Structure formats: C-alpha cells, structure tokens
Amino acid sequence: MDMSVWLYERTLENLRIELDRFERLSFEKQDDFQRATRRGAISEARQYRKEQLLIDEKIRLLTREFILTQRKLQAWRENKER
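All figures in this text were calculated on a predicted structure; none of them were measured in a lab. (Residues numbered from 1 in each chain as written. Predicted model: local features only at pLDDT ≥ 70, side-chain atom pairs only at ≥ 80, totals over all residues. Heavy atoms only, no water.)

Focus: the overall build of the protein chain
Alright, step 1. Of regular secondary structure, the protein chain possesses two helices and zero strands.
Alright, step 2. Structurally, the protein chain occupies a C-alpha span of about 65 × 15 × 10 Å along its principal axes.
Alright, step 3. Residues counted as buried form 22% of the 82 residues belonging to the protein chain.
Alright, step 4. Looking at the protein chain as shown, the accessible area adds up to about 6300 Å², and 51% of this sits on carbon and sulfur atoms.
Alright, step 5. A gap of 4 Å separates the mean positions of the 19 positive and 16 negative side-chain charges of the protein chain. (Helix = DSSP H or I, 4+ residues; strand = E, 2+ residues; numbered from the N terminus. Buried < 20%, exposed > 50% of the residue type's maximum accessible area, 1.4 Å probe, protein only. Areas by Shrake-Rupley, 256 points an atom, 1.4 Å probe, with all protein chains shown as cover. Lys, Arg positive; Asp, Glu negative; His and termini not counted. Charge placed at Lys NZ, Arg CZ, Asp CG, Glu CD.)

Some points on the packing of aromatic side chains
Alright, step 1. Within this structure, the stated rule accounts for zero aromatic pairs.
Alright, step 2. Taking NZ or CZ as reference, arginine 21 lies 4.6 Å from the ring centre of phenylalanine 22, over its face. (Phe/Tyr/Trp six-rings, centres within 6.5 Å; stacked < 30°, edge-to-face > 60°. Lys NZ or Arg CZ within 6 Å of the ring centre and 35° of its normal.)

Here it is in structure tokens:
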C-alpha cells in the first residue's frame, strides 16, 4: 500500500470519527432545545438552538472535506492505474 493511499484512508477515518462525534452533539443539543422549549425556558432554548446550528455548520464543513478527500483518493487511484 502506498503512503498516499494510507494517508487518504486515515484522513477519511478521522473525518468519519469527527462526523459521528458532532452528529451526537447535534442530537444532544436538539434534545436540550426541545426540553427547554417544553419547560418554557425560551432564552435557554435559544442558546441550545444556536449551539446546535454551529455544530450543524461544522458537520457540513466536515462532510464537504470528507467528500473532497474521497474524490482525491479516487483520482489518485485512477492515476496510479494508468
């Protein structure tokens, strides 16, 4: 296995781990938001929602990086086959 392949695969694995972690955080903030809303704690609910939106933005960025890394790996493999 070439070092470049290993590096891309390792990067993909790290991104998967980070995505899983942030998705769990997003679900937790969504739960916190819903609980605060049911309690009538509007300012607390807003804070949880704001935190969730920031986490969701991070998820979008990580997903984009994951896709780009997959494409780079695929392109590298295709070039290697030639």
